[in-house]
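Descriptive analysis of the structure
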Amino acid sequence: MASQIESHRAGAEVVNGDAVCKKKSVELLEELSLPKGLLPMEDIVEFGYNRDTGFMWLVQGKKKVEHTFKKIKQTVSYATEVTAFAEKGKLKKITGVKTKELMLWLSVVEVYVPEGSPEKVTFKTGTGLSDTFDAAAFALGE
């Protein structure tokens, strides 16, 4: 994964430090019309976004973080490095994010807000399964 980050670093906006990384990632999610609480990572040491390629990344100081979105009772795991290609209303080719379904951890490969339904967010796994939730479940602080 580090090589993927390195290949997009040239020309990217890169910031370091938890507070500014959280601020920049929330600003990007807002710009993309995605829920601002979608990436509740902790101790973020680096955030980068290459506008030319659409590639974005977050690097945490911790090994991984699990977060439960209480309104939908869904647990999500965020690896040390989370990467994605960002475009309006969508994060695709996501790496480093998994969701727990029954007893299995499934990789989340895409997150998008369906056109015409900004109140909904759809998550797609590597197995082709998808699930749609109310966007309010992913507000900041949820």
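Structure: see above.
Here we summarise the structure given alongside this text.

What counts, and at which threshold
- Residues numbered from 1 in each chain as written.
- Predicted model: local features only at pLDDT ≥ 70, side-chain atom pairs only at ≥ 80, totals over all residues.
- Heavy atoms only, no water.
- Pairing = 2+ DSSP bridges.
- Helix = DSSP H or I, 4+ residues; strand = E, 2+ residues; numbered from the N terminus.
- Axes fitted to C-alpha atoms, helices over the stretch in contact; angles between N-to-C directions.
- 1 Å grid on protein atoms, 1.4 Å probe; cavity = no way out; pocket = protein on both sides within 12 Å on 5 of 7 lines; lining within 4 Å.
- Points joined across faces, edges and corners; volume = space filled by probe spheres on them.
- Nonpolar A, V, L, I, M, F, W, Y, C, P; charged D, E, K, R; others polar.
- Core = buried A, V, L, I, M, F, W, Y, C linked by side-chain atoms within 4.5 Å.
- Buried < 20%, exposed > 50% of the residue type's maximum accessible area, 1.4 Å probe, protein only.
- Contact = heavy atoms within 4.5 Å.

1. Side note on the sheet that holds strand β7 (residues 120-125)
As summarised here, the arrangement of the eight strands in space is β1-β2-β3-β4-β5-β6-β7-β8, forming an open sheet in which the pairing is antiparallel. Two strands close off the open sheet at either side, each with one partner strand: β1 (13-16) and β8 (130-134). Across the sheet, the mean angle separating the axes of adjacent strands is 25 degrees when strand polarity is ignored.

2. With respect to the layout of surface pockets
Gaps left between atoms show up when a probe the size of a water molecule is rolled over them. Of the volumes computed, that of the largest pocket is approximately 170 Å³. Taken together, 13 residues make up the lining of the largest pocket; nearest its centre are T99, E101, F123, T125 and D131. The set of elements that each furnish at least two residues to the lining of the largest pocket consists of β4 (74-87), β5 (90-101), β7 and β8. Broken down by element, the residue count for the lining of the largest pocket peaks at three residues, all from β8. Residues belonging to the lining of the largest pocket are distributed by class as follows: seven nonpolar, four polar and two charged.

3. Topic: the nonpolar core
Counting 32 residues, the largest nonpolar core has L38, F47, M56, Y78, L91, F123 and F138 as its most contacted members. In terms of residues, this core owes the most to one element, β4, which gives five residues. Setting aside its immediate chain neighbours within four residues, M56 contacts L28, L39, F47, G48, Y49, V82, T83, A84, A86 and L91. Of all hydrophobic cores here, the second largest spans six residues; its members include I5, W57, V59 and F85.

4. Examining the side chain of E110
For E110, the position within the fold is in strand β6 (residues 104-112). When sequence neighbours within four positions are dropped, the list of residues in contact with E110 reads K90, L91, K92, I94, T122, F123 and K124.

5. A closer look at unusual backbone geometry
Phi is positive for K93, which is not a glycine, with a value near 50 degrees. Counting through the fold element by element, K93 comes out in strand β5. Using a relative accessible area of 59% as the deciding quantity, one classes K93 as exposed. Phi is positive for L102, close to 55 degrees, though the residue is something other than glycine. Looking at the secondary structure, you find L102 in the loop between β5 and β6. Judged by its relative accessible area of 80%, L102 is exposed.

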